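Remarks on the overall topology
So the chains spell out like this:
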Amino acid sequence: MNLMLCGGTGCIASGAPKVKQAIEEELLKRGLADEVQVVLTGCNGFCAMGPIMTVFPDGIFYNKLKPEHAARLVEEHVLKGRPVKELLFEEPVEKEKIPLLKDIGFFGNQRLIALRNRGLIDAERIEEYIARDGYQALAKVLTSMTPEEVIEEIKISGLRGRGGAGFPTGLKWEECRKYDRFPKYTICNGDEGDPGAFMDRSIMEGDPHSVLEGMAISAYAIGAEKGYIYVRAEYPLAIKRLQIAIEQARESGLLGENILDTGFNFDIEIYPGAGAFVCGESTALMYSLEGKRGMPRIKPPRSAESGLWGQPTNLNNVETYANVPPIILNGGAWFASIGTEGSKGTKVFALTGAINNVGLVEVPMGTTLRSLVFDIGGGIPKKRQFKAAQLGGPSGGCVPASLLDVQIDFDSLTEIGAMMGSGGVVVMDERTCMVDTARFFTAFSVDESCGKCIPCREGLKVMYDKMTDIVEGRGKEGDVEDLEKLGRMIKSTSHCGLGQSAPNPILSTIRHFRNEYDAHVREKKCPAKVCVELLLFEVNPEKCKMCGICFRNCPVQAIEWEKKQVARINKEKCTKCKTCIANCRFDAID
Amino acid sequence: MELPKLSIEDLKKIKEREMARMTLREGEHRAKIVVHMGTCGIAAGARKVMEAFLEAVTESGARDVVVTQSGCAGLCNREPMATVEIVEKAPVKYVDLNPEKAKRIFQEHIQGGQVVEEYALGRGSESTAG
């Protein structure tokens, strides 16, 4: 056990040495002097509450200590493991009704690395970023590390790309460093296009300097002097704040020539993209940057060898770069101590859909989907049941309730047919039709396919049409098998990652919700009551509780109802708008 | 903004100076209001909330209160959000704000010292890794 007593000027002045002496005497008296160490630390910045002390490993924080507290502290905390309540900082707060933020599931279960400054700094003031250790990592690499050492530290950290594919960042940098052709480029991929994803936007808006600093460190590591941030034009606030950040960094000499007087030159330019999903694909993004049509090409050669304008180029995603400065400051081993075997650190997720706490969360890799949805997300609104979560964007997969305990990391998700992707999580309740959902995501991929290769351009369209047949009641025996075959073919023959993963929503819903496909195809029924063409719009007299709520809500007066009578739907008037189904609390309309 | 070219020593100086200001330790401000202005917050009406806070500060003539902005606080469906920090007290996060609520928070919490519990989500801050 370590008792970290603050030894800053403030705490020394308010009596820390006497407290230290008292505690040490008490420890000696109880024969604990060998097991417990009292460490005098540097200033903690909380001088007004001093002398302060933090107990490790449990992290209990005491303030306003006096020598006469020593006996109780040692007796209660050190010996019996019970924190002394009166000496806790939170004490005055606990009297009041609002709980501590860290006790609220949504905040308390998060661990912030990439989002370390969220809500704490003004994104438009570089000083506030500096105040939170900003640019210290850049200073450290420029003055005390070789590029090889930087790369080694990133390799030790186990950081994998947060854009989707999860390629080891250190290896990518190492590969790019290898080539002796100049100029080299470092690019930040801020083209976030997944429906329901806003992780990167939030970082660019809220903490733009963390991206710039991460890029500058990567540029130093690979030997580049020029960087580009590719941001879709739909993110005007992100572009504005990045622009301000770049200007401030230039004025402060943190970008440009001879950075921090170390001879290192590096500058960054923003490139607003027109917002095409395919332009998030690295090779397409580089074509787009060159002013050409954004379409991916076959790899190899990798961009590290031949990227932007054919030069060696490193491309990482926003969140990846934001993780770099803390890794440099705290060491790769620190980062690697968080997370799972194959996935280190934390991941930012955008929680959306049928969930109480819609928002951005950052949790250690390996957190279970259950914890993400229920502890942090606050569960499903209106007491409904969790049905599935779509992970990894439009080309990710659906995870059913039976797999809620899956650990969220790169490998576990791939195993069950989903993927990490960039971190979008769309939660669905029992009122979601999985067939219709898969069709929706496929529609997105059909629209966004760049059309360069046939499996993606034509194959997805065929899959989409088949899905439309199924949800509109024209499905026939063998359709599902055809979909599986087509999906596998598209996955194995498409050029780029988007085509290779676009059939995932259909394949994963067939895998986990085959019964719903069968209900649509064989019984012409939609169990979730979503697909209009498969609904009867008839009241089930056994379930109807005669409450009349459907009657009162129908916008076209198509429902006949009187007190103590089962409602009846007039099909001539009914426009199939589903208002009655949405309002019925007894699931009585088929 | 004009900044001189920084040296590593300057980085440390800025850090120390700004830390003091940001944590309101012994700075000239008694209270700080941070309005979370990411795209989600702005879409939900954060600008009006910010204006209401600014108006309240101006009307009261208070010179020891700063109003500032920051990015998304994470809980997007409870926006607009603001964090109120008063010297030596744990910060309080307010959710689902509008200009009227902002004025009440200013009167009761910042001027009167009483947290407006019905609008508050919680107190403190999530842990940042380290």
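First, a word on scope: everything that follows refers to the structure included in this document.

What about the overall build of chain A?
- Of regular secondary structure, chain A possesses 25 helices and 16 strands.
- Taking the principal axes of its C-alpha atoms as reference, chain A extends roughly 85 × 70 × 40 Å.
- Here chain A holds 590 residues, and 58% of them are scored as buried.
- Look at the contacts in chain A between residues 6 or more apart in sequence, and 68% of them connect residues 24 or more apart.
- Accessible area of chain A: about 23,900 Å², with a carbon and sulfur share of 51%.
- In chain A, the 73 positive side-chain charges and the 78 negative ones have mean positions that sit 6 Å from each other.

Some words on the packing of aromatic side chains
Residue and element names in this part refer to chain A.
- Summed over all chains, the structure comprises 13 aromatic pairs over all chains.
- Seen from their ring centres, Tyr228 and Trp309 are 6.2 Å apart, and the 65° between their planes marks the pair as edge-to-face. Linking Tyr228 in strand S6 (residues 226–232) with Trp309 in the loop between helix H13 (282–289) and strand S9 (313–317), this pair joins segments that are 81 residues apart in sequence.
- Judged by relative accessible area, Tyr228 falls into the buried class, the value being 9%.
- Here Trp309 falls in the partly exposed class, since its relative accessible area comes to 43%.
- Three or more aromatic residues joined by ring pairs make a cluster, and in this case those are Tyr185, Tyr228 and Trp309.

Some details on the environment of Lys89(B)
Residues and elements named next belong to chain B.
- Examined against the element boundaries, Lys89 turns out to sit in the loop between strand S3 (82–86) and strand S4 (92–94).
- Of the residues examined, Lys89 reaches a relative accessible area of 55% and is grouped as exposed.
- Considering only alpha carbons, one finds Lys89 and Ala31, 58 residues apart in sequence, at a separation of 9.8 Å.

Structural notes on the sheet that holds strand S5 (residues 185–190) of chain A
All names here are of chain A.
- With mixed pairing, the five strands of this open sheet are ordered in space as S7-S8-S6-S5-S9. For this open sheet the edge positions go to strand S7 (256–259) and S9, each flanked by a neighbour on one side alone. Going across the sheet, the axis of each strand differs from the next one's by a mean of 25°, ignoring polarity.
- Relative to S6, S5 is paired through six bridges, and the arrangement is parallel. In the strand pairing of S6, Tyr185 is matched with Lys226.

Thresholds applied
Residues numbered from 1 in each chain as written. Chains lettered and ligands numbered in written order. Predicted model: local features only at pLDDT ≥ 70, side-chain atom pairs only at ≥ 80, totals over all residues. Heavy atoms only, no water. Helix = DSSP H or I, 4+ residues; strand = E, 2+ residues; numbered from the N terminus. Buried < 20%, exposed > 50% of the residue type's maximum accessible area, 1.4 Å probe, protein only. Contact = heavy atoms within 4.5 Å. Areas by Shrake-Rupley, 256 points an atom, 1.4 Å probe, with all protein chains shown as cover. Lys, Arg positive; Asp, Glu negative; His and termini not counted. Charge placed at Lys NZ, Arg CZ, Asp CG, Glu CD. Phe/Tyr/Trp six-rings, centres within 6.5 Å; stacked < 30°, edge-to-face > 60°. Pairing = 2+ DSSP bridges. Axes fitted to C-alpha atoms, helices over the stretch in contact; angles between N-to-C directions.

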